[in-house]
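Topology and contacts: notes
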Amino acid sequence: MSWNDFRRRQQAIQTVLDDASRNPSEALTQVPAPFLDATDALRALQYKWTQQLTGRIGVALAETDDAPHADRVQAVTAAWRRTAEANPVLRDLLDRHESDPVLRGDMAREHRLLAIAAGLAEHTEPADDVARVGRAFLQLVRITPEPSPQCIGGRLRKLIPSF
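Scope of this entry: the structure provided in the associated data block. (Residues numbered from 1 in each chain as written. Predicted model: local features only at pLDDT ≥ 70, side-chain atom pairs only at ≥ 80, totals over all residues. Heavy atoms only, no water.)

Attention now moves to the side chain of glutamate 110. Structurally, glutamate 110 can be placed in helix 5 (residues 101-117). Of the side chains with opposite charge, arginine 91 lies nearest to the buried glutamate 110, which makes no salt bridge, at 4.3 Å. In contact with glutamate 110, not counting residues within four places along its chain, are Gln46, Trp49, Leu53, Trp80, Arg91 and Leu138. (Helix = DSSP H or I, 4+ residues; strand = E, 2+ residues; numbered from the N terminus. Buried < 20%, exposed > 50% of the residue type's maximum accessible area, 1.4 Å probe, protein only. Lys, Arg positive; Asp, Glu negative; His and termini not counted. Salt bridge = Lys/Arg side-chain N within 4 Å of Asp/Glu carboxyl O. Contact = heavy atoms within 4.5 Å.)

Here the focus is the environment of proline 101. In this structure, proline 101 sits in helix 5. C-alpha separation for the pair proline 101 and threonine 39, spaced 62 residues apart in sequence, amounts to 9.6 Å.

Attention now moves to the environment of leucine 103. Among the structural elements, leucine 103 can be located in helix 5. Through-space distance from the C-alpha of leucine 103 to that of leucine 42 is 7.8 Å; in sequence the pair is 61 residues apart. When sequence neighbours within four positions are dropped, the list of residues in contact with leucine 103 reads Leu42, Gln46, Leu94, His97 and Glu98.

Quick look at the pattern of salt bridges now. Evaluation of the coordinates by the stated rule reveals 7 salt bridges. When the shortest N-O distance is used, the salt bridge between arginine 109 and aspartate 106 registers 2.3 Å. With arginine 109 and aspartate 106 both in helix 5, this residue pair falls 3 residues apart, about one helical turn. One salt bridge connects arginine 132 with aspartate 129, and the closest N-O pair in it is separated by 2.2 Å. Note that arginine 132 and aspartate 129 are positioned in helix 6 (residues 127-143) at a spacing of 3 residues, about one turn of the helix. A relative accessible area of 29% places arginine 132 in the partly exposed class. Within this structure, Arg91, Asp95 and Arg142 form a network of salt bridges that share partners.

Right under this line is the structure:
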């Protein structure tokens, strides 16, 4: 991909996000070039989210390495929340399309990332199990009003035996 192609894709992503901020339900009805269709745009939006989330998780985990009593669950929770707060339109658009089969594999990868980064699963465990743990973790992150690592970690640890 050339720099021109990259810039065109970035401009197209921004156009979709601008459209979504004005009218979320219609944002993907007509997608700008170079996207071929809504599926292509949705994949690019998910990729943008994943890049930002992965970066923030990496920074959060690096900071926990420097703190002797740091909690990985708290660090990953904070990273996900910061990413969502920095990208409300993107997050809303992805949430509106989370049942789309196009995103199913990407969401499973995100769930595995969250579970492993939070220290709730190992990469050697079955992928489906790790994804279930990550999905449960994300649900708790979303319903917990404040980043309370003891609360989230405690609730999730109670759920894990049920898998």
